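Each chain, letter by letter, is given below.
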Amino acid sequence: MTKFKALIFDFDGLILDTETPDYVVWQNIYREHGFELPREEWGKIIGGYGLSDFDAAEHLSALSQRQLDSVSLRDRHHSESTAMTMAQSILPGVMEYLHEAKRLGLKLAIASSSPHSWVDTHAGRLGVFDYFDKVICSDDVPAGRTKPNPDLFLLALDGLRIHKSEAIVFEDSPNGVRAAKAAGIFVVAVPNSVTAQLTIENANLTLSSLADLSLQDLLNKVK
């Protein structure tokens, strides 16, 4: 038996690695024009925009002394990163966790700083949307209240009708971990290839992949 009744998953970078395509395409565009994408600034906006208003297109346009148009840069990035994202599969261990959670009778939710148009579409494409009892996205909270603010997670708790002590959050980014801690929820950090380069502090547990520890073993470990 476990005190936990629900698992709450981030989406980008945790279920589907959209963050590597996002980062790599900007990195390539910057280097093509003789500049470097500032990793530290980029890291502040992963998983939510609460810590920075960094805009890669505007930044690169400014570096080029406006020789490069931010709208064209953004359009190119969107096209190339979308194509790369569509080629990505579900990250290792995710399906095993979803199946085991269902077997154990745990509730499931997604809490994402991305909009429903993005999360619902990709979750549906990957065949995981129907596993979740609740999908909470940026559209569901006031503007500016995505991660690292706790609102998405608090809304997920409310929708699942559980107490904060009964949930486990799975996050890949510093913003996501901060948001979960601000909501008072036990959080497992699972960095991907991009967020592993960032400093992720105060997670209750850190895994390099969900495939490294089964859900049952995790629950035994933290009960």
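Residues numbered from 1 in each chain as written. Predicted model: local features only at pLDDT ≥ 70, side-chain atom pairs only at ≥ 80, totals over all residues. Heavy atoms only, no water.

1. Some details on the overall build of the protein
Reasoning step 1: Each helix and strand in the protein was counted, giving 9 helices and 6 strands.
Reasoning step 2: The C-alpha radius of gyration computed for the protein amounts to 18 Å, which stays within 12% of the reference 17 Å derived for 223 residues, consistent with globular compactness.
Reasoning step 3: Taking the principal axes of the C-alpha coordinates as reference, the protein spans close to 60 × 30 × 30 Å.
Reasoning step 4: Look at the contacts in the protein between residues 6 or more apart in sequence, and 66% of them connect residues 24 or more apart.
Reasoning step 5: Roughly 10,300 Å² of accessible area belongs to the protein as shown, and the carbon and sulfur atoms make up 49% of that amount.
Reasoning step 6: With 21 positive and 30 negative side-chain charges, the protein shows a spacing of 8 Å between the two charge centroids. (Helix = DSSP H or I, 4+ residues; strand = E, 2+ residues; numbered from the N terminus. Rg over C-alpha atoms; globule rule 2.2 N^0.38 Å. Contact = heavy atoms within 4.5 Å. Areas by Shrake-Rupley, 256 points an atom, 1.4 Å probe, with all protein chains shown as cover. Lys, Arg positive; Asp, Glu negative; His and termini not counted. Charge placed at Lys NZ, Arg CZ, Asp CG, Glu CD.)

2. Re the nonpolar core
Reasoning step 1: Judged by nonpolar contacts, the single largest core of 35 residues is most densely connected at Leu7, Phe9, Tyr97, Phe132, Phe170, Leu210 and Leu218.
Reasoning step 2: Counting only elements with at least two residues in this core, the list comes to β1 (6-9), α5 (94-104), β2 (107-111), α6 (116-125), β4 (167-171) and α9 (215-222).
Reasoning step 3: Leaving out residues up to four positions away in the same chain, Leu218 has contacts with Tyr97, Phe170, Val188, Leu205 and Leu213.
Reasoning step 4: Listed in part, the 21 residues of the second largest apolar core include Ile162, Val177, Ala180 and Ile185. (Core = buried A, V, L, I, M, F, W, Y, C linked by side-chain atoms within 4.5 Å. Buried < 20%, exposed > 50% of the residue type's maximum accessible area, 1.4 Å probe, protein only.)

3. Some points on the packing of aromatic side chains
Reasoning step 1: According to the stated counting rule, one finds 6 aromatic pairs in the structure shown.
Reasoning step 2: Relative to Phe132, the ring of Phe9 lies with its centre 6.1 Å away and its plane at 80°, an arrangement referred to as edge-to-face. In this pair, Phe9 is assigned in strand β1 and Phe132 in the loop between α6 and β3 (134-136), connecting sequence segments 123 residues apart.
Reasoning step 3: Residue Phe132 is classed as buried on the basis of its relative accessible area of 8%.
Reasoning step 4: Here Tyr23 and Trp42 contribute two aromatic rings whose centre-to-centre distance is 6.4 Å and whose plane-to-plane angle is 50°, an arrangement assigned as tilted. One end of the pair, Tyr23, is in helix α1 (residues 19-32); the other, Trp42, is in helix α2 (residues 39-45), with 19 residues separating them in the sequence. The burial state of Tyr23 is the same as that of Trp42; both residues are buried.
Reasoning step 5: An aromatic cluster is present here, built from Phe9, Tyr97, Phe132 and Phe170 joined pairwise through their rings. (Phe/Tyr/Trp six-rings, centres within 6.5 Å; stacked < 30°, edge-to-face > 60°.)

4. Notes on the environment of Ser193
Reasoning step 1: Among the structural elements, Ser193 can be located in the loop between β5 (186-189) and β6 (205-206).
Reasoning step 2: Looking at Ser193, the relative accessible area reads 48%, which means it is partly exposed.
Reasoning step 3: Along the backbone, Ser193 and Gly13 are 180 residues apart, and their C-alpha atoms lie at a distance of 9.0 Å.
Reasoning step 4: Leave out the neighbours within four places in its chain, and Ser193 touches Asp17 and Thr20.
Reasoning step 5: A polar atom in the side chain of Ser193 sits 2.9 Å from the side chain of Thr20. (Polar contact = N/O pair within 3.5 Å; in protein donor to acceptor, adjacent residues only side chain to side chain.)

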